[in-house]
Amino acid sequence: MTCRLATLVAVIVGVPDAHAGFSAEGRRLMRDGLPFQVRGVCYQPAPIGDNPSAAAPYGDYYTAGYAALTARDLPNLRALGANVIRIYGWDPAANHTAFLDACYNGGVDPIFVLVNRWIDPSTNWSSTAAVDAIRQQFVQLDAGLGAHPAVLGIILGNETNAHNGNGTNPAYWAAVNSIAASIKQQTPSRLVSVAITDAIPQVAARDAAMTALDFWCVQTYRGTSLGTLFTEYAAASARPLVLTEFGTDAYNHTTGQPYPNNAEFTATTVAGLWTEIAANAATCAGACVFEYADEWWKTSSGSPLTHDAGGFPLASLPDGFANEEWWGLYAVSDNGTQPDTLTARATVAALRTAWTPPAVTVTTAPLSQTIAPGGSATLSVQAETSGGATLSYQWLKDGVVVPGATGAALSINGLTAEDSGWYAVRITSGATIVMSPAARLLVAQPDPGQVVNISLRGRPGEGANVLIAGFVINGNVPRRVLIRGVGPELVRLGVGDAHPDPRLRLFDGDGAELAANDDWGTSTDATEIAAVARSIGAFSLAQAGKDAALLRTLLPGAFTAHVSGPTGVSGIALVEVYEVP
């Protein structure tokens, strides 16, 4: 028989698996077209006894000879919730493939790498030969990286602006931009930046001229708060900002002792700084905490074999002093010929908590609809997040961002045919990003259409013996249907050889499974199914029985309802499709 129907279902749009890489868009870093928040750690795991500034491998601990460090550290970083490491030494001629492979991990909990190489701050920036020598190193470095998916970008130098008047020297900035341009000429998709000190006026002065930079890397130590950093930066540049160093050390210079309770004060400070960073996601794309593990070589008056106190005065830090060998999230101790033993300070647990992405659940998806030209449509979504985190929204039409559509609801007035399409909303909470199911908006004169309702009786089995009922919904308006696979209830209707436990599956015309049910009474919408059945005059089903049912809203198209049963079980079953007015 035929019957008329009314309403609609949202269809989930899949996310492409192909890796599209990183890009910079506005103030955001993007990965595969989605906003990416850097939860980073500065990573230079110099073993006890090494001095990276004086001897090989000069900080490049990312080759096969140091695979034991990678094996020790990457699990810790993943458990921490880090998704980026910023490094300091990289020999352009060395092979880093195994390290990058381990970081990417086949795309499972990948850790992306900001590849950094030191630049001599005493370089004569007016010398073409000197600048070209640096250029050659970075072009070679870039070529060695290839298209490896673990690479986030290249950073030029480390705080070179802070020495020899470089920060106010136009020749220095011109050289940096020229080197960045050479990298991008070779690999146009490569993100390139420069790591500078907290010198926002220099950013403001040079931003317009640095045409080859994709984002700014700023290293900042302002104490227990970052203060006005983000408003200062927002006025200086419209590029993404990544803080490639922040934090405080674990040694109290005032008392001459490490901070008590496993550096609890340091943990509280770093977690508080991250809270400020996360709250300013509109300006800052994330940050790298300094640093992964203590480095015993840094105090010039000490020995790389001893954990020394010392460093330099820095008034902005809580104790007014930068204690060079005590910045690690992990303390280190000698382990003979094996990699140094790591002991987590309290900051590890504090960051793990801060970096645990909040869960986001779409509770009400946008609904498809057909609206006449000139009319209005409102699409809306409801979502929940753990921990009371703030949700932000961005609507997309056919996968393309709708400008200004950043609320939980999207209203469109004066509809035209150009407004037709699939609409979904990207919901963001901190580092968590989810896509809602997509809903179709069709701008056309509503045509109710019809659905073929089939009641088919048979003996279902498995494989080719599944009982199948096909039906078609035409027109351009979604329709609500009740589909049932009835077995045990047939006994009450006089069928002696009824199937004891039918299972119901719904497929679209392309063979994609849309829904399934076994034992309708356990469904979350069982009460509604029973009420709908009563309203349309369908015979009732025992709620504790083994019959199956689905209540769905479907777009016009072809569908099949399949009824099967457990292997080796047979009997008569009925598959039904009902109109729901």
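Right above here is the structure, for reference.
Parameters at a glance
- Residues numbered from 1 in each chain as written.
- Predicted model: local features only at pLDDT ≥ 70, side-chain atom pairs only at ≥ 80, totals over all residues.
- Heavy atoms only, no water.
- Core = buried A, V, L, I, M, F, W, Y, C linked by side-chain atoms within 4.5 Å.
- Buried < 20%, exposed > 50% of the residue type's maximum accessible area, 1.4 Å probe, protein only.
- Helix = DSSP H or I, 4+ residues; strand = E, 2+ residues; numbered from the N terminus.
- Contact = heavy atoms within 4.5 Å.
- Phe/Tyr/Trp six-rings, centres within 6.5 Å; stacked < 30°, edge-to-face > 60°.
- Lys NZ or Arg CZ within 6 Å of the ring centre and 35° of its normal.
- Pairing = 2+ DSSP bridges.
- Axes fitted to C-alpha atoms, helices over the stretch in contact; angles between N-to-C directions.
- Salt bridge = Lys/Arg side-chain N within 4 Å of Asp/Glu carboxyl O.

Asker: Give me the nonpolar core: which residues, what numbers.
Answerer: With 98 residues, the main nonpolar core has L156 and L243 as its most contacted residues. When residues of this core are assigned to their parent elements, the largest contribution, 7 residues, is made by helix α4 (residues 170-186). In this structure, L156 is in contact with N116, R117, I119, F138, V176, I179, A180, I183, V192, S193, V194 and A195, ignoring residues within four places of it in sequence.

Asker: Give me the lowdown on the packing of aromatic side chains, citing residues and values where you can.
Answerer: For the coordinates displayed, the defined rule picks out 21 aromatic pairs. Judged by centre distance (5.1 Å) and plane angle (70°), the rings of W125 and Y172 are edge-to-face. Of the two residues, W125 sits in the loop between β7 (112-117) and α3 (128-145) while Y172 sits in helix α4, which places them 47 residues apart along the sequence. Accessibility expressed as a relative area gives 8% for W125, which makes it buried. Under the relative-accessibility criterion, Y172 is labelled buried at 2%. Across from the ring centre of F539, 4.5 Å away, lies the NZ or CZ of R484, which sits over that ring.

Asker: I'd like to hear about the sheet that holds strand β37 (residues 573-579), residue by residue, with values.
Answerer: Pairing within the open sheet is antiparallel, and its 4 strands lie in the order β30-β37-β32-β35. Each edge of the sheet is formed by a strand with only one pairing partner; in this case those strands are β30 (455-458) and β35 (548-554). Direction aside, the axes of adjacent strands within the sheet are offset by 10° on average. Of the pairings in the sheet, the one linking β30 to β37 comprises 4 bridges and is antiparallel in character. Note on β37: the bridge partner recorded for G458 is A573.

Asker: Let's hear about the pairing of strand β2 (residues 22-25): which residues, and what values?
Answerer: Strand direction decides the pairing type here: β2 and strand β3 (residues 28-31), joined by 4 bridges, are antiparallel. Paired with E25 across the two strands is R28, which belongs to β3. Counting the residues between successive antiparallel strands, the hairpin from β2 to β3 contains 2 residues, one of them, G26, with a positive phi of roughly 60°.

Asker: Could you give an account of unusual backbone geometry, with specific residues and numbers?
Answerer: Between A56 and P57 the backbone carries a cis peptide bond, its omega angle lying at 10°. The residue P57 is located in the loop between β5 (38-42) and α1 (67-80) in this model. Looking along the chain, the bond that leaves F290 and enters E291 is cis, with omega of -5°. Relative to the helices and strands, E291 is located in the loop between β14 (284-289) and β15 (311-313). One non-glycine residue, N164, adopts positive backbone phi at about 55°.

Asker: Tell me about the pattern of salt bridges, and please be specific about residues and values.
Answerer: Two side chains bearing opposite charge may form a pair once their charged atoms approach each other closely. Taken as a whole, this structure holds 16 salt bridges when the rule is applied. Taking the shortest distance from any N to any O, the salt bridge between R222 and E232 comes out at 3.1 Å. Taken together, the positions of R222 in the loop between β10 (216-219) and α6 (229-236) and E232 in helix α6 put the pair 10 residues apart, joining distant regions of the chain. Judged by relative accessible area, which is 25%, R222 ranks as partly exposed. Assessed through its relative accessible area of 29%, E232 is described here as partly exposed. Among the charged side chains, a salt-bridge network with shared partners connects D198, R222 and E232.

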